[in-house]
Amino acid sequence: MTPHQQADGSASAPDGLLTEAFAQFPAPAMLTDSEGNILWANRALCELSGYAVEELLGHTPSVLRSGRHDAAFYRQLWDTVRAGRIWRGDVIDRRKDGTLYVVEEAVAPLRDAQGAIRHFVAVQHDITQREARREHEHYLAYHDVLTRLPNRAMLDDIAQKAALSALRSEQPLAMMFLDLDGFKAINDTLGHHVGDQLLAAVAQRLQSGIRRSDTVARIGGDEFAVLLADLDSRASAGLLAQKLLDALARPFQFRKHRFTIRASVGIAIFPSDATSIDALLNQADQAMYLAKLQGGQRYHFFDQGDAQRRKKPAAPRQETHGPDKPGQAHKPEAASRR
Ligand SMILES: Nc1nc2c(ncn2[C@@H]2O[C@H](COP(=O)(O)OP(=O)(O)OP(=O)(O)O)[C@@H](O)[C@H]2O)c(=O)[nH]1
């Protein structure tokens with residue numbers, strides 16, 4: 001056995017070196033007694049948490065609690081280490097200044113010569129930036145950056161869940177497909193930048209016209225979907241569609257540009273029109289196309305008869321009329337309510 005080797009095969013360091021090594025250890029670490037009172041915390045933990053070591057000593061690690069985990073989370077941690085096992089997990093803690101940070105943490109029980117658990121040691125790895133990046137990537141995967149609305153992927157997720165609960169509650173869902181009329185002309189005459197501003201403003205008007213339980217998503221260039229949950233009647237989907245059309249018809253003003261925009265809306269109902277979300281959105285799209293063919297600025301309910309009479313061409317909107325004049329009479333009553 002070498003002078004620095006212990007009976008259990010682990011190495012021991014010269015006196016004082018171990019203490020200094022842990023003090024300067026680059027990962028946040030702390031030691032508690034068996035009651036969980038902090039006996040020692042290293043520099044990295046103080047730097048990360050913003051607490052001076054004197055502010056931690058004698059307290060339990062609960063001073064760092066963020067409120068983001070429930071009591072069961074901490075109970076499971078303590079039960080694991082008190083039972084003599086190592087606990088590992090991600091923990092959201094709170095700095096002294098109130099900001100949150102995320103650590104990967106391992107907490108291990110320390111036993112004395114008789115095998116009794118006298119202390120616990122915790123070592124952390126700061127993953128705050130990694131988690132922020134992950135959250136941002138998740139946000140990008142499920143949102144449209146321009147309007148900050150949910151995108152098609154998120155709409156699908158929300159609609160799938162809503163469909164399950166609609167089947168359980170026997171309350172139908174409505175899917176609206178809304179496409180701006182003559183949006184290309186805005187881009188062409190006022191520039192893409194104004195077009196972008198208009199899309200963001202349209203998103204806001206749609207969002208403020210719906211209930212919290214409903215969802216507006218941007219699913220394409222100038223295409224939006226509105227999912228209405230817990231629909232009390234088919235007629236209320238029509239009323240909401242008209243309310244959204246009216247909201248969009250109010251003039252928009254961007255610096256010196258003041259103009260109006262119109263839209264066409266198709267509505268399909270789950271489960272009476274379609275039993276899958278893909279089919280529902282597709283039917284709402286077909287109904288929107290008919291609303292557009294009837295002159296736009298109106299809504300149209302999907303109807304199986306329409307669908308059979310008219311198969312929608314692959315790129316229909318290129319072939320239809322250009323933008324209608326702002327303010328042109330709209331005829332919501334012409335919308336089909338079959
Ligand atoms: N500014 C801007 N324009 C976009 C964006 N995405 C798509 N577009 C434009 O939106 C237009 C959408 O095409 P259409 O729906 O055929 O245009 P429209 O003039 O509204 O045609 P109708 O729907 O038939 O009335 C195209 O000109 C795209 O270039 C975007 O993010 N920003």
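Worth saying up front: this structure is predicted, and the values here are computed from it rather than measured.

Some details on the UniProt feature "domain: PAS" (unreviewed entry) in the chain
- As annotated in UniProt, the feature "domain: PAS" (unreviewed entry) corresponds to residues 14–60 in the numbering used here.
- Secondary structure over residues 14–60 splits into 40% helix and 19% strand, and the C-alpha atoms at its two ends are 30 Å apart.

Concerning the sheet that holds strand 11 (residues 262–270)
- Taken in spatial order, the five strands line up as 7-8-6-11-12 in an open sheet, and their pairing is mixed. Every other strand in the sheet has two partners, leaving strand 7 (215–218) and strand 12 (298–301) as the edge strands with one partner each. Sheet twist, expressed as the average angle between the axes of neighbouring strands with direction ignored, equals 20 degrees.
- In this sheet, strand 8 (residues 223–228) lies alongside strand 7 in antiparallel orientation, the contact comprising four bridges. When the sheet's bridge partners are listed, Ala217 is paired in strand 8 with Ala225.
- Contacts from helix 10 (residues 277–293) reach strand 6 (173–181), strand 8, strand 11 and strand 12 within the one sheet, and its direction differs from that of strand 11 by about 140 degrees.

Digging into the site of the ligand
- As a matter of local geometry, the ligand sits amid 17 residues, with Gly182, Asn187, Asp196, Asp222 and Lys292 nearest to it.
- In this structure, an oxygen atom belonging to the ligand sits 2.9 Å away from a side-chain N or O atom of Asp179.
- In the complex, the protein chains occlude 76% of the 660 Å² of accessible area that the ligand would expose alone.
- At four residues, helix 8 (residues 192–208) tops the list of elements feeding residues into the shell around the ligand.
- Class assignment of the residues belonging to the shell around the ligand gives a composition of three nonpolar, six polar and eight charged.

Quick notes on unusual backbone geometry
- The amide bond that connects Phe270 to the next residue, Pro271, takes the cis arrangement and shows omega of 5 degrees.
- Here Pro271 shows up in the loop between strand 11 and helix 10.
- With a phi close to 60 degrees, Glu170 is a non-glycine residue in the positive phi region.

A short note on the sheet that holds strand 2 (residues 38–41)
- An order of 2-1-5-4-3 is seen for the five strands of this open sheet, with the pairing classed as antiparallel. Two strands bound the open sheet, and with one partner strand each, they are strand 2 and strand 3 (87–94). Along the sheet, successive strands turn relative to each other by an average axial angle of 30 degrees, direction set aside.
- Bridging between strand 1 (residues 29–33) and strand 2 involves three bridges; their strand directions are antiparallel.

A few points about the domain arrangement of the chain
- Domain annotation of the chain identifies domain 1 (17–133) and domain 2 (143–334).
- Its C-alpha centre places domain 1 at a distance of 51 Å from the equivalent point of domain 2.

As for the pattern of salt bridges
- All chains considered together, the criterion is met by 11 salt bridges.
- Notably, a salt bridge pairs Arg134 with Glu131, separated by 3.0 Å at the nearest N-O pair. Of the two residues, Arg134 and Glu131 both sit in helix 5 (residues 128–142), three residues apart, roughly one turn of that helix.
- Taking the relative accessible area as the measure of exposure, Arg134 reaches 48% and is therefore partly exposed.

Structural notes on the side chain of Asp181
- For Asp181, the position within the fold is in strand 6.
- Separated by 2.7 Å, the side chains of Asp181 and Ser264 make a polar contact.
- In this structure Asp181 touches Ile261, Arg262, Ala263, Ser264, Lys292, Gly296 and Gln297, once residues within four positions along its chain are discounted.

The rules we used
- Residues numbered from 1 in each chain as written.
- Predicted model: local features only at pLDDT ≥ 70, side-chain atom pairs only at ≥ 80, totals over all residues.
- Heavy atoms only, no water.
- UniProt positions renumbered as here; feature names shortened; annotations may be inferred.
- Helix = DSSP H or I, 4+ residues; strand = E, 2+ residues; numbered from the N terminus.
- Pairing = 2+ DSSP bridges.
- Axes fitted to C-alpha atoms, helices over the stretch in contact; angles between N-to-C directions.
- Contact = heavy atoms within 4.5 Å.
- Near = heavy atom within 4 Å.
- Polar contact = N/O pair within 3.5 Å; in protein donor to acceptor, adjacent residues only side chain to side chain.
- Areas by Shrake-Rupley, 256 points an atom, 1.4 Å probe, with all protein chains shown as cover.
- Nonpolar A, V, L, I, M, F, W, Y, C, P; charged D, E, K, R; others polar.
- Domains from an automatic or database assignment.
- Salt bridge = Lys/Arg side-chain N within 4 Å of Asp/Glu carboxyl O.
- Buried < 20%, exposed > 50% of the residue type's maximum accessible area, 1.4 Å probe, protein only.

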